[in-house]
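Chain residues, written in single-letter form:
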Amino acid sequence: MPITKKDFGQTPSGEKVHAYLLDNGKGVAAEIITYGGILKNLYVIDRNGVKTDVVLGRETLDDYLKNDGYLGALIGRHANRISGSAFELNGTVYKVGANEGRNSLHGGINGFDKKVWSAKALDTDEPSLKLSIVSPDGEEGFPGTLSVTVTYTVTADNALKISYKAVSDKDTVVNLTNHAYFNLAGHDSGTVDKQILQINSSFYTPNDSECMPTGEVLSVAGTPFDFRAPKPIGQDIDADFEQIEMFGGYDHNFALTGRGYRLGASVMCEENGICMEMCTDKSAVQLYTSNGLKEGKYKGGAKYGVHCGFCLETQYFPNAMAHSHYPSPILKKGEEYSFTTAYKFIVK
Ligand code: BGC
């Protein structure tokens, strides 16, 4: 199926970066750059036949070299936060890169979002791009040489499927995700407040002032975190509720109901009919409503700001090494870490 490749510049150290367009010929196409494995554009045709780019992005490689906010990037080795940038594994304390005060966010100082990934377009019925990197033992302080592949596929049924795999030569921790900011009305359409979200989750993890889970797992019932029935993202985004006020919106981990590959969340844009279903076999998802997105010009001269996108980052619970009752992000030597998340588009 059609995959086109073009140059996307080179990094200051001279590494060449390419952009791949994966088009399923049925109205969904994804553009991915090898720097950070970044999902730069994701096109969906809306109910009026308008080609709509539903992810926020930047224009040039230079814009992405300092990708504040991790727009569209692959995140590793450890998505979300590690408290005090340290964890204990097999009796050893590992210190990892601190890049948010004393804490580590999204893999540390030089996370996977800043790597140039090797790319291979796969000759399959559905356009597919396999990205890979090898992260050396001790990189950013994490133990083990970690071999990672992430495969993006635009499926015949209009999903962007992301399959993550990793294997390490020592026991380690791994928590990979993608940090796409979605806006189903179009990346340049303003806030996502009116888009209607449903999350298959009855429990969320509240955060302390550093956006670090406190360890509690609380019921969503009667709180702004109750997305069990669909409601507009903006309905409670300014609620008089401490966990919302502290972060200027949602920046929280939701425990997904059930196990195995299942529907985790769905979102609908009534204006253009674009609906998105997120399926995953991960245990949790971070809902982040771009509370800290810097105002400014982005791709095509678009202006973004606070609440102009929502992220559904599938993950282990944040800072899970500090909480033994959370699902464990430990990857044993030689075992395979593997999961899939897909964002499927349906136009109504
Ligand atoms: C985090 C936010 C952070 C954002 C961008 C999200 O995954 O939960 O706290 O601001 O990423 O870095």
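Below, the structure is looked at part by part. (Residues numbered from 1 in each chain as written. Predicted model: local features only at pLDDT ≥ 70, side-chain atom pairs only at ≥ 80, totals over all residues. Heavy atoms only, no water.)

## Section: unusual backbone geometry
The cut-off we apply is this: Strands here mean DSSP runs of E at least two residues long; helices mean DSSP runs of H or I at least four residues long; both are numbered from the N terminus. Burial classification: accessible surface area is computed with a 1.4 Å probe over protein chains only, and a residue below 20% of its type maximum counts as buried, one above 50% as exposed, and the rest as partly exposed.
Gly-76 connects to Arg-77 through a cis peptide bond whose omega is 0 degrees. Among the structural elements, Arg-77 can be located in the loop between strand S6 (74-75) and strand S7 (81-82). The backbone phi angle of His-106 is positive, close to 55 degrees, even though this residue is not glycine. You can see His-106 is positioned in the loop between strand S10 (104-105) and strand S11 (118-122). When its relative accessible area of 5% is taken as the criterion, His-106 is described as buried. Its identity as a non-glycine residue notwithstanding, Glu-140 has a phi of 55 degrees, on the positive side.

## Focus: the pairing of strand S4 (residues 38-45)
Looking down a regular strand, the side chains alternate between one sheet face and the other. Applicable threshold: At least two DSSP bridges between two strands are required for those strands to pair.
For S4, the buried fraction is high: six of the eight residues fall into the buried class. For strand S3 (residues 29-33) and S4, the ladder comprises five bridges, and the chain directions are antiparallel. Along S4, the bridge assignment pairs Ile-33 with Ile-38. Alignment of S4 against strand S5 (residues 51-53), held across three bridges, turns out to be antiparallel. Note on S5: the bridge partner recorded for Ile-45 is Lys-51. Linking two consecutive strands that pair antiparallel, namely S4 and S5, is a turn of five residues; a positive phi of about 80 degrees is found at Gly-49 within it.

## Structural notes on the sheet that holds strand S24 (residues 284-288)
Spatially, the five strands line up as an open sheet ordered S19-S18-S21-S24-S27, and their pairing is antiparallel. Across the chains shown, the open sheet's two edge strands, defined by having one partner strand only, are strand S19 (218-219) and strand S27 (311-315). In the sheet, strand S18 (residues 203-205) pairs with strand S21 (residues 251-255) via three bridges, with the strands oriented antiparallel. Bridge pairing in S21 links Phe-203 to Ala-255.

Any functional reading would require information that these geometric values do not contain.
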